[in-house]
Amino acid sequence: MKSLKFFSSFLIIVIFLLPGASNLFAQSGKISGKVLDADTGEPLPGANVMIVGTNYGAATSLDGDYYIINVPPGTYDIRAQFIGYDAMMVKGVKVNVNRTTDVSFRLKAAVIEGQEVVIEASKVSQKKDQTSSIRNVSSETMDILPIESVSSAVNLQAGVVNGHFRGGRFNEVNYMIDGMQVTNAYSSSGQSVSVEADAVEEVEVIKGTFNAEYGRAMSGIVNAVTKSGGNEFHGSGSALLGNYLTMHDDIFIGLKPSEITRRQDYKFQLSGPLYRDKLSFFVDFRHQNNKGQHNGIRLFLPDDQSYFNTADSTQWYSQRSGDSSYVPMNWWISTNMTSKLTWKVSRDLKIQGLYIYNSGEGQGYSHYNKYKPDGRSTGYNTSQMAAITVNHMLSRSLFYEAKLKYTDTWNASYLFENPEDPRYIHDKYNDGTGPGFAFGGQDRNHNNRNTYELQGKVDLTWQINKNHSIKTGVDYIRSVLDVRNMRVRNWYELYDRANIDKYRPVVLGDSSQSSDIYRKTPIDFAAYIQDKMEFDEMVINFGVRYDYFNPETTYPSDRRNPVNLIQGEGVPQTEYIPADPKSQVSPRLGLSYQLGRAALLRFSYGHFFQRPPYQNFYQNNSLLVSTSNFGTQQGNPQLRAQKTVQYEIGLWQELMKDMGLEVSLFYRDIYDLLSMEVIYTYNAQIYGLFTNLDYGNAKGLEVTYDWAFNRFYVNANYTLQYTRGNADNPTTTFSRIGGNMDPIPRLIPMSWDQRHTFNASVGYTTDVWSLSATGRYGSGTPYTLSPLPESMLSGVLLYPNNAKKPQTYSIDLYGYYKVPLSSGMLMKFELYIYNLLDTLNEYGVYGRTGRAYTNIVLDSERENHRSDFNTIEDRFQNPAMYGAPRMIKFGVGFYF
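What counts as what
Residues numbered from 1 in each chain as written. Predicted model: local features only at pLDDT ≥ 70, side-chain atom pairs only at ≥ 80, totals over all residues. Heavy atoms only, no water. Helix = DSSP H or I, 4+ residues; strand = E, 2+ residues; numbered from the N terminus. Rg over C-alpha atoms; globule rule 2.2 N^0.38 Å. Buried < 20%, exposed > 50% of the residue type's maximum accessible area, 1.4 Å probe, protein only. Contact = heavy atoms within 4.5 Å. Areas by Shrake-Rupley, 256 points an atom, 1.4 Å probe, with all protein chains shown as cover. Lys, Arg positive; Asp, Glu negative; His and termini not counted. Charge placed at Lys NZ, Arg CZ, Asp CG, Glu CD. Pairing = 2+ DSSP bridges. Salt bridge = Lys/Arg side-chain N within 4 Å of Asp/Glu carboxyl O. pLDDT = per-residue confidence, 0-100. Core = buried A, V, L, I, M, F, W, Y, C linked by side-chain atoms within 4.5 Å.

1. Regarding the overall build of the protein chain
Right, so step 1: Scanning the protein chain from terminus to terminus reveals eight helices and 51 strands.
Right, so step 2: Its C-alpha atoms give the protein chain a radius of gyration of 30 Å, within 12% of the compact-globule value 29 Å for 896 residues.
Right, so step 3: Judged by the C-alpha coordinates and their principal axes, the protein chain covers about 105 × 70 × 60 Å.
Right, so step 4: Out of the 896 residues belonging to the protein chain, those deemed buried represent 56%.
Right, so step 5: A sequence separation of at least 24 residues applies to 71% of the contacts in the protein chain between residues at least 6 apart.
Right, so step 6: Counting every atom, the protein chain has about 37800 Å² of accessible surface; 56% of that belongs to carbon and sulfur.
Right, so step 7: Looking at the protein chain, you have 86 positive and 90 negative side-chain charges, and the mean spots of the two groups are 1 Å apart.

Okay, here's the thing in structure tokens:
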């Protein structure tokens, strides 16, 4: 029913849009250059320049200039011809999204009629129009590297450290698919809808400064451009199986080398014409079943009861009803599908329909539940996205692109779908006192969230002349957030305490502190205009962006009495006032100057605003304040946008043919970061209110090296980074005050402030086989040292993040071998090896030791440990503090 409702809603949009249908290519680039006489250098006006195999082309002006706009990303062959001259073709020209590819020709006078000169384009991307740090990762690159997701490709880029772009917080990135926003509106972290790497033609990664057309982000933009069908049928199907093969089976318990189905991965893809030259389709499907690397041991069942609450071991007892089997604890199952329909109405009019479906469920590892792996909540996700893009080429220099997108996302976490399911058991079973591990009980949280989003976007591009390209557009998003976060309670505890030993599950409405239920309909709007000025030796990008958001809710006029529970003479009473819409204007400037034929110097500057996550506007919608001080955190509809001011300077140098080096320096000031202030009610209760108080800055150096020689490929990058701020996350200061600690009075390293990061990929590819490797190195992120009481440092005030974790490194390997079959089909054998060296990378550490899995046990902790099935050391031997061990996947596929 939910899918039917989704399609019915979107069908109305389709019917509404079709009568004005034009043309579609989601995202495009430009090709420009000159056609000159090879001997005299004089321009050849009227020369024809064509993209081979397409209808795209142009004639040169009196100055020999030409440009072809609205070109879909991909690799093309470009031919130039002029009467009396030999034709010339440049093969393998790469066109990237929102970029200008320079292809110039020097034609020689014809000696033999019909002769054509063929040359290969440089394999290193040209940077002439690049005014900021942009990286375009093609499908060809992703196909030959040991990466299987878009996020893996993004994390290999310079300036991206463990998901953080240039020192920003994790949720400062805007994710897009075909130029349409898919960032999770509720948390601003991650994507509400995602596509598989096999369905992507190109990934555009912009770090730091970006043009005015992009917004709602402070640190970066990730834009995945999906593949389309063509005039030829192509298809593939593959199955890969895998397992973790590790030497560390004492840490990753229960892994069996013979269990080759622990990782299952099935893929299917098909594309081709429905009506040649007019209508084509593309479908990509992937299903994964991953049992994960962490197992628990089923010693206990949820309804077991044990007792270790006394120091007298003769009174202990433990009811172990489990079968002692190993149970996967960090498992997940996912199904993803991407489909696209492209209709070329005419040469200038095209329509594209896109539908994406994501579904998944899984659990994360919980060390506390190691011996009782049952009775835990499962996370669920179902996302759908339907979009129509209309692209209309009004003239050879003017086109618009209109997009309409609708997403329906459901996220949930619960043990049973029905919150009043009779299978819930009494709270008395929830206990772990003594051993430090659960020996009974169930999870009680029951969370459901539906997010619906309707986005309309129109962009107009006008190439006024060879020097000026104006782009302007508007973007409107209407979201619906339907949130139902509840906790399952015992009816008898609430309404019949005389029979509290009985149990009946019940959930309460929004008038209680155990539930947060609301439905909100916020609005986001943006408009921009920018001019890309391209000259022979300089490119200038200048633009202005306007952003607006309206939370469409109310807030209490007096935060010290938010729901008027405090009465009395002279006590102010609150009123509920509509929240103010917020808006801001962001200037953007980028310059690039060509230093000779093979070097480029660039500079960029801009203001970048981002609305805080909507969950921080609406959290604790009932406005009730807990009687426990510091026990309540409330959303604030009056939050302002967070702001970054960034400067960047860069140099790109082509060291030799097909070899390039790029160096970038950046600095960021980050203002009005999300924080939390302390509110004291009139009756002296204390709670937290989200606000904009935090500050941070980041500076760094990025170096990227590319070399492509025949079939050999190398990419390496290095990031040097310093990230400082007064708080790691919005609640840091609030939590410190609640723990009787003063706020941090100075800037400290952030918990993701990794000083040195190095990535390198090396590959060799032939028509039959390929082998590639990717290596990653990190110098370690900060942690907070917690000195022992006996240490002289225990009396010293130490700020958070005062020490460094151990360094991390890993090597991944990928290879394939193709076997030709009959009728144009081939068989492809694939091998992935992740963490080839089986390295134990320590991502979580203890404050006393600075190491994973190992801690110094205090005498008081040892005395309080009471158990007949585990040791005190077991509490600290958490395998999730390490990264995943070696994993090997092998499979076979058929392609045509």
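Resuming the write-up.
2. Section: unusual backbone geometry
Right, so step 1: A positive phi angle, close to 70 degrees, is found at D277, a residue other than glycine.
Right, so step 2: Along the chain, D277 turns up in the loop between β18 (263–275) and β19 (279–290).
Right, so step 3: Here A684, not a glycine, exhibits a phi torsion of approximately 70 degrees, which is positive.
Right, so step 4: Structurally, the position occupied by A684 is in the loop between β41 (659–680) and β42 (686–709).

3. Quick look at the pairing of strand β46 (residues 769–778)
Right, so step 1: Both strand β45 (residues 756–765) and β46 contribute to a ladder of nine bridges, which runs antiparallel. When the bridges of β46 are listed, G763 appears paired with S772.
Right, so step 2: Connecting the antiparallel pair β45 and β46 is a turn made up of three residues.

4. Considerations on the pattern of salt bridges
Right, so step 1: For the structure on display, the rule yields 46 salt bridges.
Right, so step 2: Salt-bridge contacts for E196 lead to R286; the nearest nitrogen and oxygen are separated by 2.8 Å. Here E196 is found in the loop between β14 (180–181) and β15 (200–207), whereas its partner R286 is found in strand β19, with 90 residues between them in sequence.
Right, so step 3: Judged by relative accessible area, E196 falls into the buried class, the value being 9%.
Right, so step 4: The salt bridge partner of R851 is E842, with a shortest N-O separation of 2.6 Å.
Right, so step 5: Shared partners join several salt bridges into a network, and the residues in it are R166, K207, R602, E648, E662 and E702.

5. Looking at the confidence of the model for the protein chain
Right, so step 1: Taken residue by residue, the protein chain gives an average pLDDT of 92. The fraction at 70 or more is 96%.
Right, so step 2: Counting contacts from residues 1–26, a segment whose pLDDT is below 50, to residues more than four positions away or on other chains yields 68 contacts.

6. Overview of the sheet that holds strand β13 (residues 173–177)
Strand pairing in a sheet relies on backbone hydrogen bonds, with the paired strands running either antiparallel or parallel.
Right, so step 1: Ordered by their spatial adjacency, five strands build an open sheet running β10-β15-β16-β13-β14, and the pairing between neighbours is mixed. Of all the strands in the sheet, just β10 (133–138) and β14 have a single pairing partner and so form its edges.
Right, so step 2: As judged from the five bridges shared by β13 and strand β16 (residues 220–226), these two strands associate in the parallel manner. Across the sheet, Y175 pairs through a bridge with V222, a residue of β16.

7. As for the nonpolar core
Right, so step 1: The biggest cluster of nonpolar side chains holds 29 residues, and the ones touching the most others in it are M142, V154, V203 and M385.
Right, so step 2: Secondary-structure elements contributing two or more residues to this core are α2 (139–144), α3 (150–155), β13, β15, β16, β25 (349–362) and β26 (378–395).
Right, so step 3: With sequence-adjacent residues up to four places away left out, M142 is seen in contact with V137, I147, A153, A197, V200 and V203.
Right, so step 4: With 23 residues, the next largest nonpolar core counts I78, M88, V90 and L107 among its residues.

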